[in-house]
Each structure stands twice: as C-alpha cells, then as structure tokens.
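A structural walkthrough
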Amino acid sequence: MSGPLVFCGLPLAHPIVNGSGTFDAIAARRVFGDALLEDFPFSAFVSKTVTVEPRRGNPPPRLYEVAAGLINSIGLPNKGLDGYLAHDLPELARLPVPLVVNVMGSTRDEVARLVEAFDEREEVAALELNLSCPNVKTGLLIGTDAGETAALLSHVRPRTAKPLIVKLTPNATDPAAVALAAQEAGADAVSLINTLRGVGADPRTGAPFLGAGSGGVSGPAVRAVALGLVYEVARRVRVPIVGMGGVQGGRDAADLLGAGATLVAVGTESFRDPRAGTRVARELAVLEANSLQTAPFGAHAGALS
Ligand code: RRO
C-alpha cells in the first residue's frame, strides 16, 4: 500500500487535477450548485492565468475543432490582478480543495508583482508560472529559453515561500533543459505540456480560421507528445511533475504516472464532460487496485535510450 499523496507539501485526495484554463469553477458552481462542491472533480484546482492588467483576449473565432482535439486562441482574457483578488479569489477560496493560481507576466517585474500579491493570500496554496502560452506575443519568450527561465525564477523565488510550479511548453527545442533550469533556480515542480502551436484552415477559404491566426493544439492529438516529454523531463529533474496532454481516461493518467508524473491534469476532456476529473480518478483507482498501472519510471527508462 502506498501512503497518502503529498504534492509540494499539500496532501491531496487523488492525483487528478485540472489544466489551467480548462475548467471554469465559478461558472460550474452556478450550473451545478453545491453538488459541485460535494463531488469536486479535482484534488486541487488550478485557476485560469492572471495578468497584472485586465485583458480582453484575442479576437474571435477562438476555438477550432480538429480530428482529435481543439485549437484554442483565447489570449488569456482576465480581470487583472485587482479584479481577480476582488471577484474571483473569494469564490475560488470556497472550493473544497487547495487552490493553485496560475500567473503570467511579460517582464520579470510583472511576474514578481503577481507572486508577491498572491504570497500574502492564505487562500492560495501554490502558484503556477505560465511560461508557455502560445497565444500572446510574450507568452513563450521566457519559457523556450533555459537561461531566461532561470533568470525569472531567481528573480521571483525569494518573494514567496509558497510552492512554485513552472508550466512548460512543448514549443521549445529542449523542454527538459528548461525544466532543469527551472529546478536549479528554485522551482518546486514543473507541469507539462501546454498546447502545441498550430493553425486551423477555414474549410471554405483555406485561410487561417482563428481570429489571431494561430493557436494551441490540445486533446488526444497531443497525448503521445505529452507522454514523450514527461518521460524525458522525468529523467532530467528531481522535482515532481504534473503531467498533462490528451488525458481522457484512467489508462492515459496511469501512463503519465508511469512516465514519472506525480499528478495528472485533465484539460480538453473537461469541455465535453465537466465531471471527467472524477471519472478519470475513479478509473485510475480501479487500475491501481488491479495492479494494472504501469511500473515506475525506472522500469521503462531503457525503452527510450
Ligand atoms: O489563453 C490562452 O489562449 C491560452 C493560454 Br494563457 C495557455 O497557457 N495555453 C493555451 O493553450 N491558451
């Protein structure tokens, strides 16, 4: 029997969380009422990215369906730091699970300001630094470069004792090098993958369909990429990994855990089934009870070399 699950000092009921921006807990509470709180789909809640200033997001259309997933170009619309603190945080603090706030800035000082602001809030259990948004010009500049990532972490690490999770992009030459740089500069965990940059063609004209031109691909289409990168990053870092990318069922979650993840996030699947987190956690528990889960990472390491 394994002991209780602890991630960055946080005791969690099971290994399934949500991917940032893929589950609107405030809207879900309105729709499902208290039933949402009684059977919350995730063991921790990761909120949509917050920036210092409010943002309107990208022009529509913002979503494009592909054969096995979605391309999104949302452009991180949000109320900004003050709006989040005043309106969203009080509601998210009522959730029955630890709250992870995802933040993004275009400069080190902007990220530092967000980290300092949330460090003061006891409702916030951990922070996720989004260094990987494919849909805003500055979103990827830091996260594709190990040196920039290390410099950012060195700047913000001293400003909080809360766990810092660094969200990695697959749109980098060497995501594992970025993960290692984040760890060495003080990250407590890494999460991967954010979406893969892609374009959807308008079926009538062939021109890029999304308002912003390109977007980020998610869903089963990226599952093998996610699994490959989790394997690779797990071989390079000691810190825990939140693995995500195309998870639809317990088997997919077990595969990411087998590759070296400690937690698994459900993202795109929650759009068609808001209770997907609960289902994936149950299916995973059945697999574990039947000892069908993949062996620990070490057992597979040779398969990749
Ligand atoms: O808002 C978005 O367009 C977005 C973000 Br912040 C992100 O990190 N990943 C993504 O696919 N979309």
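These lines cover the structure that appears in this document, whether it is placed above or below. (Residues numbered from 1 in each chain as written. Predicted model: local features only at pLDDT ≥ 70, side-chain atom pairs only at ≥ 80, totals over all residues. Heavy atoms only, no water.)

Comments concerning the packing of helix H5 (residues 146–156) against helix H6 (residues 175–184)
Quick note on the threshold: Between N-to-C directions, angles cover 0 to 180 degrees, with each direction set by a line fitted to C-alpha atoms, over the stretch in contact for helices. Each helix is a run of DSSP H or I of at least 4 residues and each strand a run of E of at least 2, with the numbering of both proceeding from the N terminus. Angle categories are assigned with fixed cut-offs, so that under 35 degrees is roughly parallel, over 145 is roughly antiparallel, 65 to 115 is roughly perpendicular, and the rest are oblique. The crossing is said to be left-handed when, going from far helix to near helix, the turn is anticlockwise and less than a right angle, and right-handed when the turn is clockwise. Pairs of residues are marked as contacts when any of their non-hydrogen atoms sit within 4.5 Å. Following the grouping adopted for this structure description, the nonpolar residues are Ala, Val, Leu, Ile, Met, Phe, Trp, Tyr, Cys and Pro, the charged ones are Asp, Glu, Lys and Arg, and the polar ones are all others, Gly among them.
Where H5 meets H6, the axes come as close as 8 Å, and the angle between the chain directions of the two elements is 20°. What the angle tells us is that H5 and H6 run roughly parallel. Crossing geometry of H5 relative to H6 is assigned as right-handed. When H5 is examined against H6, the residues Ala 146, Thr 149, Ala 150 and Leu 153 are found in contact with a partner set consisting of Ala 177, Val 178, Ala 181 and Ala 182. In terms of residue class, the contact of H5 with H6 is made up of 7 nonpolar, 1 polar and no charged.

Focus: the nonpolar core
Selection rule: What makes a nonpolar core is a set of buried Ala, Val, Leu, Ile, Met, Phe, Trp, Tyr and Cys residues whose side-chain atoms join them at distances within 4.5 Å. Burial classes: relative accessible area under 20% of the type maximum marks a residue as buried, over 50% as exposed, and values in between as partly exposed (1.4 Å probe, protein chains only).
Counting 75 residues, the largest nonpolar core has Phe 118 and Leu 129 as the members making the most contacts within it. Beyond its immediate chain neighbours, meaning those up to four positions away, Leu 129 contacts Val 103, Val 111, Val 115, Leu 152, Leu 153, Val 156, Leu 164, Ile 165, Val 166 and Lys 167. Of all hydrophobic cores here, the second largest spans 15 residues; its members include Val 17, Val 46, Ala 125 and Val 242.

Comments concerning the site of the ligand
Which entries qualify depends on this criterion: Any residue with at least one heavy atom within 4 Å of a molecule or strand is counted as near it. Think of a polar contact as two N or O atoms within 3.5 Å of one another; within protein, one of them needs to be a possible hydrogen donor and the other a possible acceptor, and neighboring residues in sequence only count if both atoms come from side chains. Every accessible area reported is derived by Shrake-Rupley at a probe size of 1.4 Å, with residue values counting cover from the shown protein chains alone.
All residues in the neighbourhood of the ligand are listed as Lys 48, Thr 49, Asn 72, Ile 74, Gly 75, Leu 76, Asn 130, Cys 133, Pro 134, Asn 135, Asn 194 and Thr 195. Contact distances for the ligand include 3.1 Å between an oxygen atom and a backbone N or O atom of Ile 74. A distance of 2.9 Å separates an oxygen atom of the ligand from a polar side-chain atom of Asn 130. For the ligand, whose accessible area on its own is 310 Å², the fraction buried by protein is 92%. A per-class count over the shell around the ligand returns 4 nonpolar, 7 polar and 1 charged.

Here we look at the pattern of salt bridges
Cut-off, in case you're wondering: Whenever a carboxyl oxygen of Asp or Glu lies within 4 Å of a side-chain nitrogen of Lys or Arg, that contact is scored as a salt bridge.
Inspection of the entire model under this criterion finds 15 salt bridges. Among the salt bridges present, the one from Arg 282 reaches Asp 39, with a minimum N-O distance of 3.9 Å. Here Arg 282, found in helix H10 (residues 276–289), pairs with Asp 39, found in the loop between helix H2 (34–38) and strand S4 (45–46); they are 243 residues apart in sequence, far enough to count as distant. According to the relative accessible area criterion, Arg 282 is exposed, its value standing at 55%. On the basis of relative accessibility, which here comes to 39%, the residue Asp 39 falls in the partly exposed class. Notably, a salt bridge pairs Arg 159 with Glu 116, separated by 2.9 Å at the nearest N-O pair. Taken as a pair, Arg 159 in the loop between H5 and strand S9 (164–167) and Glu 116 in helix H4 (residues 108–119) lie far apart in primary sequence, 43 residues in all. For Glu 116, a relative accessible area of 36% translates into the label partly exposed.

Notes on the pairing of strand S8 (residues 124–130)
In plain terms, the rule: With its strands directed away from the observer, a crossover is right-handed exactly when the path from the first strand over the helix to the second travels clockwise. DSSP-based pairing: two strands are paired if at least 2 bridges between them are found.
Burial analysis of S8 places 7 of its 7 residues in the buried class, which makes it a mostly covered element. Each parallel crossover has a hand, and for strand S7 (residues 99–103) linked through H4 to S8 it is right-handed. In this sheet, S9 lies alongside S8 in parallel orientation, the contact comprising 4 bridges. Paired with Asn 130 across the strands is Lys 167, a residue of S9.

Some remarks on helix H3 (residues 80–92)
For clarity, the threshold we go by: To estimate the expected span of a helix, count its residues, drop one, and scale the result by 1.5 Å.
In a regular helix each residue adds 1.5 Å, so 13 residues correspond to 18 Å; H3 covers only 15 Å between its end C-alpha atoms and thus falls short of that length. Looking only at H3, the buried set comprises Gly 80, Leu 81, Gly 83, Tyr 84, Leu 85, Asp 88, Leu 89 and Leu 92. Looking at the buried positions of H3, the neighbouring elements they touch are helix H1 (25–32), S4, S7, H4 and S8.

Looking at the side chain of Asn 18
Here Asn 18 is to be found in strand S3 (residues 16–18). Within polar-contact distance, the side chain of Asn 18 engages the backbone nitrogen of Val 46 at 2.8 Å. Ignoring any residue separated from it by four or fewer positions in sequence, one finds Asn 18 in contact with Phe 23, Phe 42, Ala 44, Phe 45, Val 46, Ala 265 and Val 266.

Thoughts on the sheet that holds strand S6 (residues 69–72)
Within the open sheet, the 4 strands sit side by side as S5-S6-S12-S11. Their pairing is antiparallel. Sheet topology places strand S5 (63–66) and strand S11 (196–198) at the edges, where each strand pairs with a single neighbour. Strand after strand, the sheet turns through a mean of 35° between neighbouring axes, direction not considered. In the sheet, S6 pairs with strand S12 (residues 215–218) via 3 bridges, with the strands oriented antiparallel. By the bridge assignment, Asn 72 is partnered in S12 with Gly 216.

Quick word on H5
Selection rule: Think of it as the arc spanned by the lines of direction from the helix axis to the C-beta atoms.
Along H5, the positions that sit buried rather than exposed are Thr 149, Leu 152, Leu 153 and Val 156. Each buried residue of H5 lies within a common arc of 95° when the element is viewed along its axis, so the set occupies one face. Measuring from the backbone nitrogen of Gly 147 back to the side-chain oxygen at the start of H5 gives 3.0 Å, which picks out Asp 145 as the cap.

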